[in-house]
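Chain by chain, the residues:
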Amino acid sequence: QVQLVESGGGLVQAGGSLRLSCAASGRYAMGWFRQAPGKEREFVAAISYSGGTTYYADFVKGRFTISRDNAKNTVYLQMNSLKPEDTAVYYCAATDLKYGTSLRQVRIYDYWGQGTQVTVSS
């Protein structure tokens, strides 16, 4: 059974930074999604199985960076210049799909972490 363990969420002021981590029990293409109260879960960023390709939602381009350490089966989401509208529960997810623009889609992912709260104060 695939296990995903997220860490790194918290409370930060607008303009600040946080780094989320997601440790997986194996190697997969990975994505980060977020869900704010009353809203649907939305795509944030994804990284291919090899780590050679990354994908971002338009609203995080230039502010967030996804990366991976394949030796540790861990994926990171570095979040800079945070805004109050970034407040949400952030989830990492894993898929058996290796790469491709489908990594932007929630339905592609087979395994999900428990989520970590990110709160950005104004």
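Use the structure listed above.
Computed from a predicted structure; not experimentally measured. (Residues numbered from 1 in each chain as written. Predicted model: local features only at pLDDT ≥ 70, side-chain atom pairs only at ≥ 80, totals over all residues. Heavy atoms only, no water.)

Pairing within the open sheet is antiparallel, and its four strands lie in the order β1-β3-β8-β7. Here the strands that pair on one side only, and so sit at the sheet edges, are β1 (4-7) and β7 (64-69). Averaged over all adjacent pairs, the angle separating strand axes in this sheet is 15 degrees, with direction ignored. (Pairing = 2+ DSSP bridges. Helix = DSSP H or I, 4+ residues; strand = E, 2+ residues; numbered from the N terminus. Axes fitted to C-alpha atoms, helices over the stretch in contact; angles between N-to-C directions.)

Once that is clear, we can look at unusual backbone geometry. In this model, Asn 73 sits at a positive phi of 50 degrees, which is unusual for a non-glycine residue. Along the chain, the position of Asn 73 falls in the loop between β7 and β8 (74-79). Note on Asn 73: relative accessible area 22%, which makes it partly exposed. (Buried < 20%, exposed > 50% of the residue type's maximum accessible area, 1.4 Å probe, protein only.)

Tallied over the full model, the rule gives four salt bridges. For Arg 34, the salt bridge identified is with Asp 86, shortest N-O distance 2.9 Å. In this pair, Arg 34 sits in strand β4 (residues 29-35) while Asp 86 sits in the loop between β8 and β9 (88-95), placing the two residues 52 residues apart along the sequence. Asp 86 carries the same exposure label as Arg 34, and that label is buried. Note that Lys 61 is salt-bridged to Asp 58, the shortest N-O span being 3.3 Å. Note on Asp 58: relative accessible area 63%, which makes it exposed. (Salt bridge = Lys/Arg side-chain N within 4 Å of Asp/Glu carboxyl O.)

Below, the discussion takes up the environment of Gln 35. Looking at the secondary structure, you find Gln 35 in strand β4. Put simply, Gln 35 and Thr 87 are 52 residues apart on the chain and 8.6 Å apart in space, counted from C-alpha to C-alpha. Ignoring anything within four residues of it in the chain, the contact list for Gln 35 reads Glu 40, Arg 41, Ala 88, Val 89 and Tyr 91. Here Arg 41 takes part through its side chain, which lies 3.3 Å from a polar atom of the side chain of Gln 35. (Contact = heavy atoms within 4.5 Å. Polar contact = N/O pair within 3.5 Å; in protein donor to acceptor, adjacent residues only side chain to side chain.)

Another point: the environment of Asn 80. Counting through the fold element by element, Asn 80 comes out in the loop between β8 and β9. Judged by its relative accessible area of 30%, Asn 80 is partly exposed. Sequence spacing of Asn 80 and Leu 18 is 62 residues, and the spatial spacing of their C-alpha atoms is 6.8 Å. Ignoring any residue separated from it by four or fewer positions in sequence, one finds Asn 80 in contact with Gly 16, Ser 17, Arg 63 and Phe 64. Among the polar contacts made by the side chain of Asn 80, one reaches the side chain of Ser 17 at a distance of 2.9 Å.

Okay, the nonpolar core next. Within the largest apolar cluster, 38 residues are counted, with the highest numbers of intra-cluster contacts made by Met 30, Trp 32, Leu 77, Met 79 and Tyr 90. Mapped by element, the contributors of at least two residues to this core are β3 (18-24), β4, β5 (42-47), β6 (54-56), β7, β8, β9 and β11 (116-121). Other than its neighbours up to four places away in sequence, Leu 77 contacts Leu 18, Arg 19, Leu 20, Trp 32, Val 44, Ala 45, Phe 64, Thr 65, Ile 66 and Tyr 90. (Core = buried A, V, L, I, M, F, W, Y, C linked by side-chain atoms within 4.5 Å.)

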